[in-house]
Amino acid sequence: MSHFDRATRTGPRATDAGSESGRESGHGPEPDRGGESGRDLAVDRRTESRLPPAEAFAALGNDTRVEILEALLELGADDAPVSFSALFERVDLSDSANFSYHLDQLTGHFVRRGDEGYEFRHPGRKVVSAIFTGTLTERAQLGFFPVDGACYDCEGDLHGWYVDDTLTIGCADCGTIHVSYPFPSGGLDDRSAADLPEAFHHYVRHHYCLAADGVCPECTGSVETTVVADPDESDLDVAVEHVCTRCRYRLRSTVGLTLLDHAETLVFHANRGVDLNTEPFWAFDWCVSDARTTVVSGADEPLRVRLELPCDGDELRVVVDETGAVVETTLVEC
């Protein structure tokens, strides 16, 4: 069975949402500010937490404050500041002094107060987004539904299912899992089962392309990418591991998945009528298995891995190094 998932230090399909060690780890090169003390000060300033996590959660542990954040969204705070009076009228609270108290608890970290009124700071907007995507508040399940395409392993029919906040697509005949990845339950709203795979494709592809570009999909921190032969807790012979140096968010995948945003790979397929931006990535065996992946370096040499990507009778051969960077491409035409 072949698959790829989000992975952590303790097991697959989970995420470590930011340990202390993660926050203390490096963020990449620092500008020279005139000596070691200057560089150390810059690192401290960048990683300083202005509001302890416990206080942040405590500030949100009140229905009125959550209602204020939702009211900001409904009143268009994304586009223009909202006045105190407009907010007060929208929130179900008769005592203006009590309302002011709750608004003050949000101001500074979640809400910005200016001369023209109140607007979101990024953490406040993220809270509202989490509420509406169902990330914080909803649990959903969706039974088996058919998915277009065939299994790369046995040509059997594909099905999808949604359990424990994770959408999985696999073969109904041989049981091979093509992809299993967390997907916010809000993504099920206003979509039929037939529409889900397209949204899921774009969501997962975006996450992995961001990680391959060195940007954490969760916190935008720096991501370190490593190609690993015979990885632990995996049925892949070769895998790619992405780890955020800031929040310790981890992703593991096939090597092929990191090529979905590679220019020559995109052009090779586009010239043969295949758009990798829109075609579900699980339709390609080189994307969801390592059947076309070969280690080509010796035991004492830096790791080099070759992928063979077939399309319309031709083949693009791509060699990547131990960081996942493409170091060589060869086009073989029939």
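Here is a short report on the structure shown in this document.

Calculation rules
Residues numbered from 1 in each chain as written. Predicted model: local features only at pLDDT ≥ 70, side-chain atom pairs only at ≥ 80, totals over all residues. Heavy atoms only, no water. Helix = DSSP H or I, 4+ residues; strand = E, 2+ residues; numbered from the N terminus. Buried < 20%, exposed > 50% of the residue type's maximum accessible area, 1.4 Å probe, protein only. Contact = heavy atoms within 4.5 Å. Areas by Shrake-Rupley, 256 points an atom, 1.4 Å probe, with all protein chains shown as cover. Core = buried A, V, L, I, M, F, W, Y, C linked by side-chain atoms within 4.5 Å. Pairing = 2+ DSSP bridges. Axes fitted to C-alpha atoms, helices over the stretch in contact; angles between N-to-C directions. Phe/Tyr/Trp six-rings, centres within 6.5 Å; stacked < 30°, edge-to-face > 60°. Salt bridge = Lys/Arg side-chain N within 4 Å of Asp/Glu carboxyl O. Polar contact = N/O pair within 3.5 Å; in protein donor to acceptor, adjacent residues only side chain to side chain. Disulfide = S-S within 2.5 Å.

Some details on the overall build of the chain
Across its full length, the chain carries 10 helices and 14 strands. Residues classed as buried in the chain amount to 42% of the 334 residues present. In the chain, the proportion of contacts linking residues at least 24 apart, taken out of those at least 6 apart, comes to 46%. Carbon and sulfur atoms make up 46% of the accessible area of the chain, which totals about 17,400 Å².

Re the nonpolar core
Membership of the largest hydrophobic core comes to 52 residues, with the highest contact counts inside it found for Phe200, Phe281 and Trp282. By residue number, the principal contributor to this core is helix 8 (residues 196-212), which donates seven residues. Once residues lying within four places of it in the same chain are set aside, the contact partners of tryptophan 282 are Val147, Asp148, Leu158, Ile169, His178, Val179, Pro197, Phe200, His201 and Val288. Counting 20 residues, the second-largest nonpolar core is a separate cluster that includes Leu60, Leu87, Tyr118 and Phe120.

Details of the sheet that holds strand 14 (residues 326-332)
The sheet built from four strands is open, its strands ordered 11-12-13-14 with antiparallel pairing. Whereas interior strands pair on both sides, the edge strands pair on one side only; in this sheet they are strand 11 (293-295) and strand 14. Taking each pair of neighbouring strands and ignoring which way they run, the sheet shows an average axis angle of 20°. Summarising the sheet, strand 13 (residues 314-320) and strand 14 pair through six bridges and their orientation is antiparallel. Residue valine 320 lies in a different strand from strand 14, and its bridge partner there is valine 326. In this fold helix 9 (residues 263-270) packs onto strand 12 (305-311), strand 13 and strand 14, with an angle of close to 20° to the strand it touches most, strand 12.

Digging into the pairing of strand 10 (residues 250-253)
Taking every second residue as pointing to the same face, both faces of strand 10 are buried, with Arg250 and Arg252 on one and Leu251 and Ser253 on the other. Judged from the four bridges that link them, strand 9 (residues 238-244) and strand 10 form a sheet pairing that is antiparallel. Looking at strand 10, one finds that valine 240 is bridged to serine 253. Connecting strand 9 to the antiparallel partner strand 10 that follows it, the hairpin turn spans five residues, and arginine 248 within it adopts a positive phi of roughly 65°.

Looking at the packing of aromatic side chains
Remark: the centre distance and the inter-plane angle together describe each pair of aromatic rings, the angle taken between the planes. This model, assessed by the stated rule, comprises 11 aromatic pairs. On the numbers, 5.1 Å between centres and 75° between planes, the contact of phenylalanine 281 with tryptophan 282 is edge-to-face. Aromatic pair phenylalanine 284 and tryptophan 286: ring centres 5.6 Å apart, planes at 35°, arrangement tilted. Grouping aromatic residues by their ring pairs yields a cluster made of Tyr181, Phe183, Phe200, Tyr203, Tyr208, Phe281 and Trp282.

A word on the pattern of salt bridges
For the coordinates displayed, the defined rule picks out 12 salt bridges. A salt bridge links aspartate 261 to arginine 205, with the nearest nitrogen and oxygen atoms 4.0 Å apart. Here arginine 205 lies in helix 8 and aspartate 261 lies in the loop between strand 10 and helix 9, a separation of 56 residues in the sequence. Since its relative accessible area comes to 40%, aspartate 261 is described here as partly exposed. We classify arginine 205 as buried; its relative accessible area is 10%. By sharing partners, the salt bridges in this structure join Glu241, Arg250 and Arg252 into a single network.

Examining the sheet that holds strand 6 (residues 166-171)
The antiparallel open sheet is built from four strands, whose spatial order is 4-5-6-7. Taken across any chain shown, the strands that pair with only one partner, and hence form the sheet edges, are strand 4 (142-150) and strand 7 (177-182). Each strand axis lies, on average, 20° off the axis of its neighbour in the sheet, ignoring direction. Where strand 6 lies against strand 7, five bridges are found, and the strand directions are antiparallel. For leucine 167, the partnering residue across the bridge sits in strand 7 and is tyrosine 181.

Regarding unusual backbone geometry
Positive phi values are uncommon outside glycine, yet aspartate 190 reaches one of about 60°. Relative to the elements of secondary structure, aspartate 190 occurs in the loop between strand 7 and helix 8. Judged by relative accessible area, which is 83%, aspartate 190 ranks as exposed. Despite not being glycine, threonine 220 has its phi angle at roughly 65°, a positive value. In this structure, threonine 220 sits in the loop between helix 8 and strand 8 (223-229).

Focus on the side chain of aspartate 290
As for its position among the elements, aspartate 290 is in the loop between helix 10 (285-288) and strand 11. Looking at aspartate 290, its side chain comes within polar contact range of the main-chain nitrogen of aspartate 237, at 2.5 Å. Discounting residues that sit within four places of it in the chain, aspartate 290 has contacts with Leu236, Asp237 and Val238.

With respect to the state of the cysteines
Using the criterion set out here, one finds zero disulfides in the structure. Free cysteine: cysteine 216, not disulfide-bonded; nearest cysteine sulfur from cysteine 247 at 3.8 Å. The class of cysteine 216 is buried, set by a relative accessible area of 1%. For the unlinked cysteine cysteine 287, the closest cysteine sulfur is that of cysteine 209, found at 9.1 Å. On the accessibility criterion, cysteine 287 (0% relative accessible area) is buried.

Spatial relationships are all this shows, so hold off on functional conclusions.
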